[in-house]
Amino acid sequence: MRIISSVFFFFSHSTFVAILISISASLLANVAIGGDPFIFFNWEVSYIKASPLGVSQQVIGINGQFPGPTVNLTTNWNVVVNVHNKLDEPILLTWNGIQQRRNSWQDGVLGTNCPIPASWNWTYEFQVKDQIGSFFYFPSTGFQKASGGYGEIIINNRPVIPVPFGTPDGDIAIFIGDWYTKSHKELRKALEDGNDLGVPDGVLFNGLGPYRYNDSLVPAGIPYKTINVEPGKTYRLRVHNVGISTSLNFRIQDHNMLLVETEGSYTVQQNYTNMDIHVGQSYSFLVTMDQNASNDYYMVASPRFVSGADWTRATGVAILHYSNSQAPASGPIPEPPIEYDTYFSMNQARSIRWNVSAGAARPNPQGSFKYGQITVTDVYVLLNRPPELIDGKLRATLNGISYIAPATPLKLALQYDISGVYKLDFPNRMMNRPAKVDTSIINGTYRGFMEIIFQNNDTIVQSYHLDGYAFFVVGMDYGAWTENSRGTYNKWDGVARCTTQVFPGAWTAILVSLDNVGIWNLRSENLKSWYLGQETYVSVVNTEVNNKTEVPLPDNILYCGELSGLQKEQSQRVRFSEAVVVTNASSRTIFVALLITWFGLFS
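Each chain has its residues counted from 1, following the order in which its sequence is written. Local features in a predicted model are, by the rule used here, given only for residues with pLDDT of at least 70; side-chain atom pairs are given and counted only at 80 or more, and totals for whole chains, interfaces and linings are based on all residues. The side-chain quantities take in all heavy atoms of the structure and omit both hydrogens and water.

A. Structural detail: the pattern of salt bridges. Here a salt bridge means any side-chain nitrogen of Lys or Arg lying within 4 Å of a carboxyl oxygen belonging to Asp or Glu. Evaluated as defined, the whole model comprises 23 salt bridges. Across the pair E261 and R236 runs a salt bridge whose closest N-O atoms are separated by 3.1 Å. Residue E261 is located in strand β14 (residues 257-262), and its partner R236 is located in strand β12 (residues 234-241); the two are separated by 25 residues in the primary sequence. For the pair formed by E261 and R236, the shared burial category is buried. Shared partners join several salt bridges into a network, and the residues in it are R429, E451, E483 and R486. Numbering goes from the N terminus for both helices and strands, where a helix is a DSSP run of H or I of at least four residues and a strand is a run of E of at least two. Whether a residue is buried, partly exposed or exposed follows from its accessible area with a 1.4 Å probe, protein chains only, as a fraction of its type maximum: under 20%, in between, or over 50%, in that order.

In structure tokens form, the structure reads like this:
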């Protein structure tokens, strides 16, 4: 790998000097993360025109791409992403599943960051400390994810850590998700007016509509995704459900899928003919091209846990094309699992186990962290029920509380000791009182071990995500959770991940070690529920303040709300023509490398 790839800067000499000083000061101030490579990106987030379902619409692209560019990293690398917001409204990007050790300042949600104003840029800087696996990023504010703005994050093993399977012949990103032809602004307005969004207009594969597998369901002329492969080779397919609210069953006609990893954990390797992938989840499969290629093959993502004839149009279909294929795909698509077999999907989820003998980010086996032997210090039973009217507005709740984001981010309020912004009084059980809108968060115990039970009393599948952490999925079942339910927990090889599904009329239990200081978002990944208030935060504070357990306030922090008077105007812009990788060990060398690049290009 080259030390620095081609780089171009476009700004005045005075601005350049100011930026170099800022960057070098920031890097030198964070010597704790020195010694590991840095990778730099510059992204322009803007509206672009696309017609994924045959209707021209405005989508959110990054550097003109939809989906956005891949962030391809290795364990412990430091990531610097300069985001220039060319939308007409503020934006934040969040890094779904990236644990960002000690650094919730970079989480990209309203509880920790002021949004980036239109026509401004802001630089994220974080380290993918002790992580591997498949993840994705997306916009976290204003229902913008419904218009795109997402892309893949890959974190590779360090060379000294063996991967528990052979090197695949290729690595393929697959984004599946429900999609509406209405803009995110129209969709969020509908929710604010108390309306349901209705059946999606389709399901996309990598930003493209369905192959015309049925002339009456799929109009002619819709562009579709073709995945080109070579016969006999094995590919790693990283599949992400980046949709709004629909659980999708993913399958490939006549091909087995060997599950090997999910959201940063290597799994017990098992073959599946299909997999239910819920909103916000990511899976890695090894797929061997072992068919005779008499024709192309269907790749399908179809809705689960829904009913009604209108849903038949919401099926995503891509094409798997062998280089020696003799004919296009034809005939009916492969059938999904029986829709009303309620235990099929749950049993499938229970079958996903942690590969405790495999290493991952560290050389020791994943199972060396014996989570089942740790004493639980805090228990929260979080009850979800259907959206309800609170003060005349439709809201979604957890334990009867619908979260509302304050003007001043929680993290900034804590940093500047501003009282009254939030309350550390989130109830650990459903309270016997009317539902309310509030800014109430969980007071986590630093180095505590928390048990969280998600109880879903709604009629739809929910999936829940916790930023900053991987948690152990230890149990799920239908009915109401009770203390006796702990007897069914998997305390040995429950998979560690960051997003878990909770089936309607059922519960899911997770265990999480609160060793990452910060204020971390706990949310529904169902975008409708999230937007209507189904989220909270977990505050994990080390009362012994030091830079060893938490990164200090970034120099480039944005201010808003009660601290807006501290914000200075911004005019500088930085542009990299492509990713820049600096593989040396010191901040000083990074600064010198930038100087050399500048003077080398313009002398």
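That was the structure; now back to the text.
B. Region of the structure containing the environment of A293. Mapped onto the elements, A293 comes out in the loop between β17 (282-288) and β18 (297-303). For A293, a relative accessible area of 1% corresponds to the buried category. What A293 contacts, discounting residues up to four positions off in sequence, is Y322, N324, S325 and Q326. We call two residues contacting when some pair of their heavy atoms lies within 4.5 Å.

C. Representation of empty space enclosed by the protein within the structure. Of the two site types, the cavity is a set of points on a 1 Å grid over the protein atoms alone where a 1.4 Å probe fits but cannot get out, and the pocket is an open set with protein on both sides within 12 Å along at least five of seven lines, each lined by residues with an atom within 4 Å of a point. Grid points are joined across faces, edges and corners, and a volume is the space filled by probe spheres set on the points. Per the stated rule, a full pass over the model turns up 2 cavities of 30 Å³ or more. In this structure, the largest cavity occupies an estimated 50 Å³ of space. Considering the residues around the largest cavity, the lining is formed by K145, A146, Y150, G177, D178, W179, L204, V242, G243 and I244. A per-element tally of the lining of the largest cavity places strand β9 (residues 170-179) first, with 3 residues. By the convention adopted, Pro, Cys, Tyr, Trp, Phe, Met, Ile, Leu, Val and Ala count as nonpolar, Lys, Arg, Asp and Glu as charged, and the other residues, Gly among them, as polar. The class makeup of the residues in the lining of the largest cavity is 6 nonpolar, 2 polar and 2 charged. Its boundaries defined by the atoms lining it, the second largest cavity holds a volume of some 40 Å³. What lines the second largest cavity is simply S245, S247, H278, V279, V461, Q462, S463 and N526. Of the residues belonging to the lining of the second largest cavity, the class tally is 2 nonpolar, 6 polar and no charged.

D. Region of the structure containing helix α2 (residues 184-192). Regarding α2, the residues found buried are H184, L187, R188, A190 and L191. The arc enclosing the buried residues of α2, seen along the axis, measures out at 155°, which places them on a common side. In this structure, the buried residues of α2 make contact with β1 (38-50), β2 (57-62) and α5 (527-531). Looking one or two places after α2, you find G194, whose phi comes out positive at around 85°. It is the directions from the helix axis to the C-beta atoms that the arc portrays.

E. Region of the structure containing the packing of aromatic side chains. Classification of ring pairs rests on two measures: the distance between centres of Phe, Tyr or Trp rings, Trp counted by its six-membered ring, which must be within 6.5 Å, and the angle between planes, read as stacked under 30 degrees, edge-to-face over 60 and tilted in between. What the rule picks out here adds up to 33 aromatic pairs. A ring pair is formed by W95 and Y137, whose centres lie 5.9 Å apart and whose planes are at 55°; its orientation type is tilted. Here the residue W95 occupies a position in strand β5 (residues 93-96), and Y137 occupies one in strand β7 (residues 133-139), the gap between them amounting to 42 residues. Y137 matches W95 in its accessibility class, with the two residues each being buried. The interplanar angle of 35° and the centroid separation of 6.4 Å between the aromatic rings of Y478 and F503 together place this pair among those described as tilted. Of this pair, Y478 sits in strand β28 (residues 471-478) while F503 sits in the loop between β30 (499-502) and β31 (506-513); the two residues are 25 residues apart in sequence, bridging distant segments of the chain. Exposure remark for Y478: the relative accessible area of 21% places this residue in the partly exposed category. What links up through ring pairs into an aromatic cluster is the set F41, W43, W95, W122, Y124, F126 and Y137.

F. Here's a closer look at the nonpolar core. Core analysis: the largest hydrophobic core is formed by 48 residues, its most contacted members being I174, L237, F250, F285 and M299. We define the nonpolar core as a collection of buried residues of types Ala, Val, Leu, Ile, Met, Phe, Trp, Tyr and Cys that are connected through side-chain atoms lying within 4.5 Å of one another. Counting residues in each nonpolar core, the second largest holds 47 residues, with V81, I116, V128 and Y137 among its members.

G. Representation of the sheet that holds β12. The strand order across the open sheet formed by 6 strands is β10-β9-β12-β17-β14-β15, and the pairing between neighbours is mixed. Where the open sheet ends on each side, the last strands, each with one partner, are β10 (202-205) and β15 (265-272). Pairwise comparison of adjacent strand axes, ignoring direction, gives a mean angle of 25° for this sheet. We call two strands paired when DSSP finds no fewer than two bridges between them. Here β9 runs beside β10; their pairing, made up of 4 bridges, is antiparallel. By the bridge assignment for β10, G177 is matched with L204. Axis geometry follows a simple rule: fit a line to the C-alpha atoms, using only the stretch in contact for helices, then measure angles between N-to-C directions, giving values from 0 to 180 degrees.

H. Structural context of the state of the cysteines. Two cysteine sulfur atoms form a disulfide, by the criterion used here, when they sit within 2.5 Å. Summed over the entire model, instances satisfying the criterion amount to 1 disulfide. There is a disulfide in this structure between C114 and C560, and the S-S distance comes to 2.1 Å. Across the disulfide from C114 to C560, rotation about the S-S bond amounts to roughly -85°, and the bridge is consequently left-handed. Here C114, found in the loop between β5 and β6 (121-127), pairs with C560, found in the loop between β33 (535-540) and β34 (580-582); they are 446 residues apart in sequence, far enough to count as distant. Each member of the pair, C114 as well as C560, carries the same accessibility label: buried.

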